[in-house]
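# Structural description and commentary
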Amino acid sequence: LEGLEDDRRRSLAVVYACTGRPAEALAEMEKLATKGPLDLSMTFLMAQLALRTGDYERSRELADQVLAARAEGPWAHLLKGRALLLEGDTSSALEQFAIAAQAQPNLPDLHLQLGMVYLSQERWTEAEQAFQTALAADPCDARGHSGLGTALREQGRLEEAIDAYT
């Protein structure tokens with residue numbers, strides 16, 4: 001029966017995660033984690049949930065666990081970079097994004113995150129390039145248009161900024 005209970009809890013956590021209830025999902029995952037180590041996909045899910053609930057330190061810790069077990073993919077680096085960015089550590093975030101870019105350079109979300117770092121560092125030209133790369137892969141992403149508009153505005157290119165925002 002215990003295995004069925006674990007399966008139910010795992011399924012419930014996924015349902016919570018998919019329906020915008022990250023705190024409840026994380027609580028279910030934490031209960032599972034007390035019984036023993038989780039597989040990498042569940043650990044990664046916990047890291048995502050911790051990020052969504054604002055627990056950036058826990059998100060980074062969990063991302064590090066995934067990286068320690070399987071460092072070749074970009075996703076844990078991207079997630080850890082997001083947590084670092086939200087904590088205000090833009091230099092370390094850039095390091096994580098650079099590692100992710102080496103593994104898989106064409107991820108639109110990677111370029112969105114790079115653009116956000118560059119905006120925070122007032123590196124307008126690099127931010128513009130990052131957002132343009134993201135928009136080339138996903139032309140409908142509102143975050144990309146907003147970031148591009150901000151980068152262009154800060155460069156004094158107001159007409160282009162207006163076009164990017166609209």
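First, a word on what this report is: a plain description of the structure on this page. In this text the structure is predicted, and so the values were computed from the model without any measurement.

Parameters at a glance
- Residues numbered from 1 in each chain as written.
- Predicted model: local features only at pLDDT ≥ 70, side-chain atom pairs only at ≥ 80, totals over all residues.
- Heavy atoms only, no water.
- Helix = DSSP H or I, 4+ residues; strand = E, 2+ residues; numbered from the N terminus.
- Axes fitted to C-alpha atoms, helices over the stretch in contact; angles between N-to-C directions.
- Parallel < 35°, antiparallel > 145°, perpendicular 65-115°, else oblique.
- Left-handed = near helix turned anticlockwise from the far one by under 90°.
- Contact = heavy atoms within 4.5 Å.
- Nonpolar A, V, L, I, M, F, W, Y, C, P; charged D, E, K, R; others polar.
- Salt bridge = Lys/Arg side-chain N within 4 Å of Asp/Glu carboxyl O.
- Buried < 20%, exposed > 50% of the residue type's maximum accessible area, 1.4 Å probe, protein only.

### Details of unusual backbone geometry
Backbone geometry places Glu 122, a non-glycine residue, at a positive phi of 60 degrees. Here Glu 122 shows up in the loop between helix H7 (108-120) and helix H8 (124-137).

### Section: the packing of helix H3 (residues 40-52) against helix H5 (residues 75-86)
It is the contact of H3 with H5, at a shortest axis distance of 11 Å, that shows an interaxial angle of 20 degrees. When the interaxial angle is binned, H3 and H5 end up roughly parallel. The crossing of H3 and H5 is left-handed. Contact with H3, carried on its side by Phe 44, Ala 47, Gln 48 and Leu 51, involves Trp 75, Ala 76, Leu 79, Arg 82, Ala 83 and Leu 86 of H5 and no other residues of that element. Looking at the contact of H3 with H5, its residues break down into eight nonpolar, one polar and one charged.

### Details of the packing of helix H6 (residues 90-103) against H7
Two elements in contact, H6 and H7, have axes separated by 10 Å at closest approach and are oriented at 155 degrees. Accordingly, the angle class assigned to the pair H6 and H7 is roughly antiparallel. Crossing of H6 over H7 shows left-handed handedness. In contact with Thr 90, Ala 93, Leu 94, Phe 97, Ala 100 and Ala 101 of H6, H7 contributes Leu 110, Gln 113, Leu 114, Val 117, Tyr 118 and Ser 120. Its residues assigned to classes, the contact of H6 with H7 shows nine nonpolar, three polar and no charged.

### Concerning the pattern of salt bridges
According to the stated counting rule, one finds 17 salt bridges in the structure shown. Close ionic contact of Arg 9 with Glu 28 constitutes a salt bridge, the shortest N to O distance being 2.6 Å. A residue pair is termed long-range when its members are at least 10 positions apart, and Arg 9 in helix H1 (residues 2-18) and Glu 28 in helix H2 (residues 22-33) qualify at 19 residues. Judged on exposure class, the residue Arg 9 and its partner Glu 28 are both buried. One salt bridge in this structure joins Lys 80 and Asp 64, with 2.6 Å as the shortest N-O distance. On the criterion of sequence distance, the pair formed by Lys 80 in helix H5 and Asp 64 in helix H4 (residues 56-69) is long-range, its members being 16 residues apart. Since its relative accessible area comes to 15%, Lys 80 is described here as buried.

### Considerations on the side chain of Thr 43
Of note, Thr 43 is situated in helix H3. For Thr 43, a relative accessible area of 6% puts it in the buried group. Beyond its immediate sequence surroundings of up to four residues, Thr 43 is in contact with Leu 38, Leu 62, Gln 65 and Val 66.

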